[in-house]
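Report on the structure
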Amino acid sequence: MEELIKGFGDQMRTAIEIGQAAQLTAPEKEIRNVLVIGLGGSAFGGEIIKNYVADQLSVPYEIVRDYTVPAYVSEHTLLIASSYSGNTEETLAMLEAALPSNPKVVCITSGGKLKERAEKEGYDHIVIPGGFPPRSASALSITQQLYALRGLGLIGDFEPHLNEALQLVDSFSDHENARFIAQQLQNKIPILYSAPNFESVAIRWRQQIEENSKHIAFHHVIPEMNHNELVGWKNPSGLLEDSVVIVFRSKLNHERTEIRMDICREIFSEYADTVLEIAPEGESHLGQLFYYMHLGDWVSLYLAYLNEEEPTPVKVIDFLKGELANK
């Protein structure tokens, strides 16, 4: 896993080359909504895109992780089927459920049944390199979604921001901070808070801490948690004394959200073991998202080492898939 994280910049360069060469056919009908179907690491790319394009995409964008799709899917839907292996059973089931509505289909995969189906039916598809754990191949799916949205005329030029993101990953040197954060999280419960425009970062950190570090974590967004979860901080059980709060700050957050974070920091400090506030490098939203994502990957790796866990295997997920195959 360490080598895969080190190679994140190279993966981004490969992804850019693939995206620039991708050939997409024009949709027969006007695109009025975008639906990404996928699970786990293959769905995560959609979270980054959802945050990044929120202020430029003029149609609704949703991610579904299930076996079924919403009733609104139609010939005006851009359906992005994202499965790194190409064999994710839920994604294949969602594709089958959507096809009777005749959406515009774009598949992003390294192979498997999804690639076979796309080739057989003539669906647009972008093939990415295989052989990695899906969670370590996220740059491939993120980048292809950007090129697909631009290629279909739904967003404008994003490459300057993507290039900044690549530079931030290439020049990353904040390992001392990553190790410090990991040390704070050891034997504690990480609780991650972001603004809505950075929720993908909180999701990524939670997922990577869970899969790489074999360590449970939780996340929520501010201001929404101010209307419910904040009350739960007055917990008489004492469990919160074993928690570490991480708040993702950014100058791109809404100013009122930043004020809320200031107030919440004082509340968290009364109950949590530790409260950490971190800020990203980069000027663009996409650059900051990638910086945070890369920092979190390193944190999860260092926490895995502290937990004396091998970060790459996910034996319990393999067990689950094996059991499902017998049902």
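Residues numbered from 1 in each chain as written. Predicted model: local features only at pLDDT ≥ 70, side-chain atom pairs only at ≥ 80, totals over all residues. Heavy atoms only, no water.

1. Quick word on the environment of Phe 172
Let me state the cut-off plainly: Secondary structure elements are defined from DSSP: runs of H or I of at least 4 residues count as helices, runs of E of at least 2 residues count as strands, and each element is numbered from the N terminus. Only heavy atoms enter the contact rule, under which two residues are in contact if any of them lie within 4.5 Å.
Within the secondary structure, Phe 172 is located in the loop between helix 7 (159–170) and helix 8 (175–185). Phe 172 sits 166 residues away from Lys 6 along the chain, and the two C-alpha atoms are 9.8 Å apart. If sequence neighbours within four positions are ignored, Phe 172 has contacts with Tyr 291, His 294, Leu 295 and Trp 298.

2. Focus: the nonpolar core
Inside soluble globular proteins, nonpolar side chains tend to come together where they are buried. Note the cut-off: Nine residue types can take part in a nonpolar core, namely buried Ala, Val, Leu, Ile, Met, Phe, Trp, Tyr and Cys, and a core is a set of them joined through side-chain atoms within 4.5 Å. Residue exposure (1.4 Å probe, protein chains only): buried if accessible area is under 20% of the type maximum, exposed if over 50%, otherwise partly exposed.
By size, the foremost hydrophobic cluster in this structure holds 74 residues, and its most contacted members are Val 34 and Trp 205. With 12 residues, helix 11 (residues 285–306) is the single largest residue contributor to this core. With residues up to four places along the chain from it excluded, the contact list for Val 34 reads Leu 57, Val 59, Pro 60, Tyr 61, Glu 62, Leu 78, Ile 80, Leu 149 and Leu 154. If you look at the next biggest cluster of nonpolar residues, it comprises 17 residues, including Ile 37, Met 94, Ala 98 and Leu 114.

3. Thoughts on the sheet that holds strand 8 (residues 243–248)
The cut-off we apply is this: Pairing between two strands is assigned when DSSP locates at least 2 bridges connecting them. Orientation is described by axes fitted as lines to C-alpha atoms, over the contacting stretch for helices, and by angles from 0 to 180 degrees between their N-to-C directions.
Taken together, 4 strands build an open sheet; the order of strands is 7-6-8-9 and the sheet is parallel. The sheet is open, and its two borders are formed by strand 7 (218–221) and strand 9 (274–278), each paired with just one other strand. Neighbouring strand axes in the sheet, compared pairwise and without regard to direction, differ in orientation by 20 degrees on average. The sheet strands contacting helix 8 are strand 6 (189–194), strand 8 and strand 9, and the helix crosses strand 9 at an angle near 155 degrees.

4. As for the sheet that holds strand 1 (residues 33–37)
Pairing within the open sheet is parallel, and its 5 strands lie in the order 2-1-3-4-5. Looking at the sheet topology across the chains shown, the edges are occupied by strand 2 (61–64) and strand 5 (124–127). Neighbour to neighbour, the strand axes of the sheet diverge by 15 degrees on average, direction disregarded. Sitting on the sheet, helix 3 (residues 40–53) is in contact with strand 2 and strand 3 (77–83), with an inclination near 160 degrees to strand 2. Running at roughly 140 degrees to strand 4 (residues 104–109), helix 5 (residues 112–121) makes contact with strand 3, strand 4 and strand 5 of the sheet.

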